[in-house]
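Chain by chain, the residues:
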Amino acid sequence: AQRVTQPEKLLSVFKGAPVELKCNYSYSGSPELFWYVQYSRQRLQLLLRHISRESIKGFTADLNKGETSFHLKKPFAQEEDSAMYYCALTTQGAQKLVFGQGTRLTINP
Amino acid sequence: DVKVTQSSRYLVKRTGEKVFLECVQDMDHENMFWYRQDPGLGLRLIYFSYDVKMKEKGDIPEGYSVSREKKERFSLILESASTNQTSMYLCASSLTDATRGGYTFGSGTRLTVV
């Protein structure tokens, strides 16, 4: 069965420090991976997807098939990055996403 | 620009009441989903629908039912609300193939059952 694990429920870093939110998955094939973000009082929205290979709001995520990971990184955290982050997985042709349990990121001034 | 709309942002209901949560999407998506979002538990799928009148149970369907009479509308029904159903409910929609763009979420309905 497909599974997504976000080992940290809470993560707190200082402004300007590097940020890494961990995401590990279990799936033997080629997954499609996403990061979703939910800012305070806003809807859950797509942040980035690995297939796009893009940087959004300074965040990047690289799919590492050997380590089955899709960690989200940002070199210099900003206070507005404080939010709830979910990693999600799906497979080609699948109808559903499988979500991790989420990491609440707090950026301290 | 709003694409997935949940009819209520906040609801307070009494134990035993029948509760309807409504969700409408304007993207012509085939799939629609209802999730619960609880601290420490992440997103848990209640039900999803892949076509009009078609539905499939998710991970926690007990105490809930759904209705999809039109493609754009997906309703979640709590037959007899209980206090343990106090939660944030999120509706989402997607194309048939979830790899194409992922999900689009509504803004959520915070339900309190007293």
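Residues numbered from 1 in each chain as written. Chains lettered and ligands numbered in written order. Predicted model: local features only at pLDDT ≥ 70, side-chain atom pairs only at ≥ 80, totals over all residues. Heavy atoms only, no water.

Quick notes on the sheet that holds strand β1 (residues 4–6) of chain B
Residue and element names in this part refer to chain B. The strand order across the open sheet built from 4 strands is β1-β3-β8-β7, with neighbouring strands paired in antiparallel fashion. Of all strands in the sheet, those bounded by a partner on one side alone are β1 and β7 (64–70). Each neighbouring strand pair of the sheet contributes to a mean axis angle of 20°, computed without reference to strand direction. (Pairing = 2+ DSSP bridges. Helix = DSSP H or I, 4+ residues; strand = E, 2+ residues; numbered from the N terminus. Axes fitted to C-alpha atoms, helices over the stretch in contact; angles between N-to-C directions.)

Digging into the interface of chain B and chain A
The interface is formed by 29 residues belonging to chain B together with 21 residues belonging to chain A. Interface area, chain B with chain A, both sides summed: about 2,000 Å², of which 50% is carbon and sulfur. When the buried area of chain B at its contact with chain A is split by residue, B:T99, B:Y103 and B:F105 rank highest and sum to 27% of it. Our count for the chain B to chain A interface comes out at 1 salt bridge. Seen at the junction of chain B and chain A, the total is 7 residue pairs in polar contact (both at pLDDT 80 or more). Take the side of chain B that touches chain A: its biggest share by element is 5 residues, from strand β5 (residues 42–51) of chain B. Residue classes in the side of chain B that touches chain A are distributed as 14 nonpolar, 11 polar and 4 charged. (Contact = heavy atoms within 4.5 Å. Buried area = accessible area lost by both parts, 1.4 Å probe. Salt bridge = Lys/Arg side-chain N within 4 Å of Asp/Glu carboxyl O. Polar contact = N/O pair within 3.5 Å; in protein donor to acceptor, adjacent residues only side chain to side chain. Nonpolar A, V, L, I, M, F, W, Y, C, P; charged D, E, K, R; others polar.)

Focus: the sheet that holds strand β7 (residues 60–61) of chain A
All names here are of chain A. An order of β3-β8-β7 is seen for the 3 strands of this open sheet, with the pairing classed as antiparallel. Unpaired on one side and paired on the other, β3 (19–21) and β7 mark the two borders of the sheet. Across 2 bridges, the pairing between β7 and strand β8 (residues 72–74) is antiparallel. Bridging across to β8, A61 finds its partner in L72.

Re the packing of aromatic side chains
As enumerated under the stated definition, the model contains 16 aromatic pairs over all chains in all. Connected via pairs of aromatic rings, a cluster forms that spans A:F34, A:Y36, A:Y86, A:F99, B:F33, B:Y35, B:F48, B:Y50, B:Y103 and B:F105. A cation over a ring is seen here: B:R9 above B:Y10, with NZ or CZ 5.7 Å from the ring centre. (Phe/Tyr/Trp six-rings, centres within 6.5 Å; stacked < 30°, edge-to-face > 60°. Lys NZ or Arg CZ within 6 Å of the ring centre and 35° of its normal.)

Looking at the state of the cysteines
Applying the stated criterion to the full structure yields 2 disulfides over all chains. A sulfur-sulfur separation of 2.0 Å characterises the disulfide bridge that pairs A:C23 with A:C87. Disulfide A:C23-A:C87: the torsion about the S-S bond is -65°, which places it as left-handed. Within this pair, whereas A:C23 is found in the loop between β3 and β4 (24–26), its partner A:C87 is found in strand β9 (residues 83–91), the two being separated by 64 residues in sequence. Per residue, the accessibility class of A:C23 equals that of A:C87, and both read buried. Between the sulfur atoms of B:C23 and its disulfide partner B:C91 the distance amounts to 1.9 Å. Judged by the sign of its S-S torsion, about -80°, the bond between B:C23 and B:C91 is left-handed. Of this pair, B:C23 sits in strand β3 (residues 19–25) while B:C91 sits in strand β9 (residues 87–94), placing them 68 residues apart in sequence. The pair B:C23 / B:C91 is uniform in exposure class, with both members buried. (Disulfide = S-S within 2.5 Å. Buried < 20%, exposed > 50% of the residue type's maximum accessible area, 1.4 Å probe, protein only.)

Describing unusual backbone geometry
Despite not being glycine, A:R41 shows a phi value in the positive range, around 65°. Note that A:R41 resides in the loop between β5 (31–38) and β6 (45–49).

What to know about the side chain of B:S94
Positionally, B:S94 belongs in strand β9. The exposure class assigned to B:S94 is buried, which follows from its relative accessible area of 0%. Dropping the residues within four chain positions of it, B:S94 is found in contact with A:Q95, B:H29, B:E30, B:N31, B:F33, B:G102 and B:Y103.

Some remarks on the nonpolar core
With 24 residues, the main nonpolar core has A:W35, A:L72 and A:Y85 as its most contacted residues. Elements supplying a minimum of two residues to this core: β2 (10–14), β3, β5, β6, β9 and β11 (103–108) of chain A. Here the element with the most residues in this core is β9(A); it accounts for 4 residues. Each residue touching A:Y85, except ones within four places of it in the same chain, is listed here: A:Q6, A:L21, A:W35, A:Y36, A:V37, A:Y39, A:L47, A:F59, A:L72, A:G102, A:T103 and A:L105. Counting 20 residues, the second-largest nonpolar core is a separate cluster that includes B:W34, B:Y64, B:F74 and B:C91. (Core = buried A, V, L, I, M, F, W, Y, C linked by side-chain atoms within 4.5 Å.)

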